[in-house]
Amino acid sequence: MRKFSLVEFSVNHPKLVVLLTVVITFVFMTQFPKVKTDTNPKNMLPETSDVRVWNDEVEKTFSLYEDMIVVGIVNEKGILNKDTLGKVQRITDDILRIKGVAARDVSSFPTITNVTAESGVLKVAPLMTEVPETDASIEKLRKMLFENPLFINRIISKDGKTTAIYVPLEKGANGKKVADEIRKILKKETGDEKYYVAGDPVARDTFGVEMFKLMAVFAPIAGGVMLLVRYLMFRDLFLSVTLMMDAMVSIIWSMGLLIAFGFPVHIMSSMAPVFLMAIATDSIHIFNEFYFRYKETKDKKAAIIETMHAVGRPVRYTALATAVGFAVLLFMHIIPVKVFGAVIAFGTVALRILSFSFIPAMFTFVKEAKIEKASGEEDIELSRTSHFLKTLAGFGAHKPKATVFVGIALFVTAILGITKTTVNNNMVEWFKEDSEVRVADSVMNHALGGTSLGYIVAVSENEDAIKTPDAMRYIEGLQRHLEKLPVVGKTTSVVDYVKRINRVLHDDDPAYDTVPDTKDTIGQYLFLFGMSAKPSDLDNVVDYPFKKANIWVQMKTWDVQAMRDVIKAVEDYKVGAIHELSLQMKMEFKPAGIAYFNLAWNDAVLWDMLRGFIVALIVVFVILVFNFRSVKWAIVGYAPLLFTILLIYGVIGFAGKDFDMPISVLSCLSLGMAVDFAIHFISRFRQRLVEAGQEARGQGPGNEDIKELVTRHSSLVTDALLWTAARPGKGIVRNAVLFAASFAVMMFAPLTPYITVGAFIVSMMLLSAVMTIIYLPALIVLLQGWLFKGVCFT
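Reading the values: rules and limits
Residues numbered from 1 in each chain as written. Predicted model: local features only at pLDDT ≥ 70, side-chain atom pairs only at ≥ 80, totals over all residues. Heavy atoms only, no water. Helix = DSSP H or I, 4+ residues; strand = E, 2+ residues; numbered from the N terminus. Buried < 20%, exposed > 50% of the residue type's maximum accessible area, 1.4 Å probe, protein only. Contact = heavy atoms within 4.5 Å. Areas by Shrake-Rupley, 256 points an atom, 1.4 Å probe, with all protein chains shown as cover. Lys, Arg positive; Asp, Glu negative; His and termini not counted. Charge placed at Lys NZ, Arg CZ, Asp CG, Glu CD. Expected span 1.5 Å × (residues − 1). Salt bridge = Lys/Arg side-chain N within 4 Å of Asp/Glu carboxyl O. Pairing = 2+ DSSP bridges. Axes fitted to C-alpha atoms, helices over the stretch in contact; angles between N-to-C directions. Patch = residues over 30% accessible without salt bridge, like charges linked within 9 Å, V, L, I, M, F, W, Y side chains within 5 Å. Parallel < 35°, antiparallel > 145°, perpendicular 65-115°, else oblique. Nonpolar A, V, L, I, M, F, W, Y, C, P; charged D, E, K, R; others polar. Left-handed = near helix turned anticlockwise from the far one by under 90°. Phe/Tyr/Trp six-rings, centres within 6.5 Å; stacked < 30°, edge-to-face > 60°. Lys NZ or Arg CZ within 6 Å of the ring centre and 35° of its normal. Core = buried A, V, L, I, M, F, W, Y, C linked by side-chain atoms within 4.5 Å.

**Notes on the overall build of the chain**
So, point 1. When you go through the chain residue by residue, the secondary structure sums to 31 helices and nine strands.
So, point 2. Once the C-alpha set of the chain is aligned to its principal axes, its extents read approximately 115 × 55 × 50 Å.
So, point 3. Scored against the burial criterion, the 794 residues of the chain give a buried share of 60%.
So, point 4. Sequence separation of 24 or more characterises 81% of the internal contacts of the chain that already satisfy a separation of 6 or more.
So, point 5. In the structure as shown, the chain presents an accessible area of about 32,800 Å², 61% of it carried by carbon and sulfur atoms.
So, point 6. Looking at the chain, you have 85 positive and 81 negative side-chain charges, and the mean spots of the two groups are 9 Å apart.

Below you can see the structure in the form of structure tokens.
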């Protein structure tokens, strides 16, 4: 019984194949109205992860908010004047009315708690109950501000030119929407003041919205450029559209499946269309070979079948390598990483099914006159591109030692560059330097304590332990130690409130700006303060069994390395000069807060991706062994892959670029595309060598192996390499140019991850192609005695 051939079935029943493709695509499209998005990095980790459980516990214990927006007001002439203070009052009042704002805990001049004393009685009241009208009242406000350490670098800068309004958000509120409402309020004000809106929820939610907008804009633009370049290559609009349809169908199937299973489109999965469009360009090898075959056969159906016979195996194995490389991510720990890997793996398989069905079917609809015209330029003897590629391959083939030496030198240099790479993430820096989000963050970090907030929670086993003078001084010592770090702008804890109360109750004598000597006194102070202040003032810094205290750490950067430095400083403090006190106190310090979460998810995601990438490298090597049926050829085919990846990462290291999430995601793509070219080149070279060898065998003993043939026919390998560079190599270069041109448009995006993706892909594709055309011939010529030993033609 004749074996079923999907290609032949598609050629013989093209209308049925196209109809089935359209119907299946429509089914997947019906899922799109159900799409949900999620741009919160918190959901990168499962709810049961240690950091999420701990952060939730800390937020509940200390009545904290997950998100905080910081509104900056800057007046170079000084904030403390009637007009500016009036604007602060109006802006604060309007912010309190925004839906999603936790109005009861907004901190600003009119709402923040000020601790003073009158006639020995503690007085706790809002700092500015009304806008000062006279110079005397303004001076009084100035005195209250600058004599209270709790305010300096928090709501007023040391130079008096900047103030901040801290806007906590209710759970589930969208940071961008609230920020947009705040900006509407700010636009109503005129004068010398400048206004800034910063904070993690602003950057996170703004990035999420902009990310999806850019995907909607740049994906079609990239597709349009791909269509144009494809048309310029073959001068056939119908088949150019076919290639685009191939990509779009796989994207619809993959995203439809994602939505159907109820997964939200996350930061990583939103990039799936970009990756699938990249992988779809592998179909260019089919188009490239088809025109050559048609020129030789003059029969459309025969050309289609012969084309798929020639390129079928490398196309299948490149798809397998790519799909398995991404499928490895299913074994990682981070759910969005798993989903991303599954979507790309499914999309890759879909693309290959379409390559053996939809594309051959579409070929049959093209008029032979158009094919004849397009194939006329597909002659390796006449094509200037083929001549150029022959020259490149000839350099490697004729000067293999020099080529390999240069490669080794670049390899060593790349390793040195990689050692300079740092693992880091900073969502604020995902915006360009002149963007509103990044400028606001920079201004606020420069003027005040910092917009990045982390916590260090002091935990004791005993109730009332925090009330003891030793515990207070221990915590205070840690604060002063942390404030020595360049990245830390300010720390605040229950100790600052106790010291402030102690001072104001002693006629504001600076000598009493210290921790009281007895536990009872501290307890009385905290009781009086708790009775008079807003509940959150004390709740935010201490629990009521007084077993835990919360140190607020404001940092001047969202780099995850900043929180890492804070944690290290805490550990150093614990084993420092006060080691005995540490043992005596039996107190532990644990990090928490959004800055700590960013560090935790950064490490979890990036290292998960790195582990997956390493496993994928191993799996891909095994696939190469099976494809080539040879460990030797697998090693040779692996060379361009490793070289491309290492060289690009080496450049990243020398450029001082952090290894962040976008780059880690691109690692998988670089693996797939680099091995793609190697499989195509080596597979087609070996095919050509077999054909040439069978011809040459007629001139000698029938049982001689390739090594003996090469000895008699010294040009056999070189000629086969040059032919491979000129014909299949043309498809490789077309693939690289097609994709690089398409994604070069992303380098003009306003978000730096898109610029990174664009630059990375352009570099990766062009370098992979050049490495394949030049370096592989050099390795094959240099190692031919080893590669061909014992291999016979049959």
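**A look at the environment of Pro753**
So, point 1. Checked against the element boundaries, Pro753 lands in helix H30 (residues 752-782).
So, point 2. In this structure Pro753 comes out as buried when scored by relative accessible area, which is 8%.
So, point 3. The spatial distance from the C-alpha of Pro753 to the C-alpha of Gly72 is 27 Å, given a sequence separation of 681 residues.

**So, helix H12 (residues 335-355)**
So, point 1. In this model, H12 (21 residues) spans 30 Å end to end at C-alpha, consistent with the 30 Å of a helix rising 1.5 Å per residue.
So, point 2. For H12, the buried fraction is high: 15 of the 21 residues fall into the buried class.

**Considerations on the pattern of salt bridges**
Side chains that differ in charge, positive against negative, can pair when their charged atoms come close.
So, point 1. Per the stated rule, a full pass over the model turns up 35 salt bridges.
So, point 2. The residue Arg503 makes a salt bridge to Asp508 at a minimum N-O spacing of 3.0 Å.
So, point 3. Residue Asp508 is classed as partly exposed on the basis of its relative accessible area, which comes to 23%.
So, point 4. In this structure, Glu571 and Lys574 form a salt bridge, with 3.8 Å as the shortest nitrogen-oxygen distance. Residue Glu571 and its partner Lys574 are both found in helix H22 (residues 560-574); the two are separated by three residues, about one turn of the helix.
So, point 5. With relative accessibility at 39%, the residue Glu571 sits in the partly exposed group.
So, point 6. One continuous salt-bridge network, built from bridges that share partners, spans Glu289, Arg293, Glu306, Arg684 and Arg727.

**A look at the sheet that holds strand E5 (residues 194-198)**
So, point 1. With antiparallel pairing, three strands are arranged side by side in an open sheet as E4-E1-E5. Single-partner strands in this sheet number two, and they are strand E4 (162-168) and E5. When the angles between neighbouring strand axes are averaged without regard to direction, this sheet yields 20°.
So, point 2. Packing against the sheet, helix H4 (residues 82-95) makes contact with strand E1 (68-74), E4 and E5, and its axis sits at approximately 10° to E4.

**As for a nonpolar patch on the surface**
So, point 1. Taken together, the side chains of Leu228, Tyr231, Leu232, Leu237, Val241 and Met245 make up a nonpolar region of the molecular surface, amounting to roughly 500 Å² of accessible area.
So, point 2. Elements supplying a minimum of two residues to the nonpolar patch: helix H7 (200-234) and helix H8 (237-260).
So, point 3. Tracing the backbone through its elements, the reader meets Met245 in helix H8.
So, point 4. We classify Met245 as partly exposed; its relative accessible area is 32%.

**Overview of the sheet that holds strand E6 (residues 452-460)**
So, point 1. Reading across the sheet, the four strands line up as E7-E8-E6-E9 and stay open at both edges, with antiparallel pairing between neighbours. A strand with exactly one partner marks an edge of an open sheet, and here the two such strands are strand E7 (488-492) and strand E9 (587-592). Averaged over all pairs of adjacent strands, the angle between their axes in this sheet comes to 25°, without regard to strand direction.
So, point 2. Here eight bridges tie E6 to strand E8 (residues 548-555), and the two strands are oriented antiparallel to one another. By the bridge assignment for E8, Ile456 is matched with Ile551.

**Describing the packing of H22 against helix H24 (residues 594-628)**
So, point 1. Direction vectors running N to C along H22 and H24 enclose 110°, while the axes themselves pass 8 Å from each other. By the angle class used here, H22 and H24 are roughly perpendicular. On the side of H22, the interface is formed by Val560, Met563, Arg564 and Ile567, while H24 contributes Ala595, Tyr596, Asn598, Leu599, Asn602 and Asp603.
So, point 2. Split by residue class, the contact of H22 with H24 holds six nonpolar, two polar and two charged.

**Examining the packing of H8 against helix H10 (residues 284-297)**
So, point 1. Running from N to C, H8 and H10 cross one another at 155°; their axes reach a closest spacing of 11 Å. Of the possible angle classes, the one that applies to H8 and H10 is roughly antiparallel. The element H8 and its partner H10 pack so that their crossing is right-handed. Contacts between H8 and H10 involve Leu239, Thr242 and Leu243 from the first element and Ile284, Phe287 and Tyr291 from the second.
So, point 2. Along the lines of polarity and charge, the residues of the contact of H8 with H10 split into five nonpolar, one polar and no charged.

**Section: the packing of aromatic side chains**
So, point 1. Under the criterion given, the structure shown has 15 aromatic pairs.
So, point 2. Seen from their ring centres, Phe290 and Phe363 are 4.2 Å apart, and the 20° between their planes marks the pair as stacked. Of this pair, Phe290 sits in helix H10 while Phe363 sits in helix H13 (residues 358-363), and the two are 73 residues apart along the sequence.
So, point 3. We classify Phe363 as buried; its relative accessible area is 2%.
So, point 4. Ring geometry for Phe326 and Phe340: centres 6.0 Å apart, planes at 75°, overall edge-to-face. Pair noted here: Phe326 is in helix H11 (residues 300-327) and Phe340 is in helix H12, with a separation of 14 residues, a long-range link. Residues Phe326 and Phe340 agree in their burial class; the two are buried.
So, point 5. Counting every residue linked through ring pairs, the aromatic cluster contains Phe28, Trp253 and Phe346.
So, point 6. Its guanidinium or amino end placed over the ring of Tyr166, Arg154 lies 5.3 Å from that ring's centre, counting from NZ or CZ.

**Examining the nonpolar core**
So, point 1. Judged by nonpolar contacts, the single largest core of 246 residues is most densely connected at Ile69, Ile95, Phe109, Ile182, Ile456, Val494 and Ile780.
So, point 2. Ranked by residue count, the leading element in this core is H30, at 16 residues.
So, point 3. Sequence-distant contacts of Ile780, that is, excluding residues within four places in its chain, are made with Trp633, Val636, Phe681, Phe685, Val717, Leu721, Leu787 and Phe788.
So, point 4. The next biggest cluster of nonpolar side chains, apart from the first, holds eleven residues, and it includes Val249, Ile252, Trp253 and Leu354.

All quantities given are derived from atomic positions and should not be read as evidence of function.
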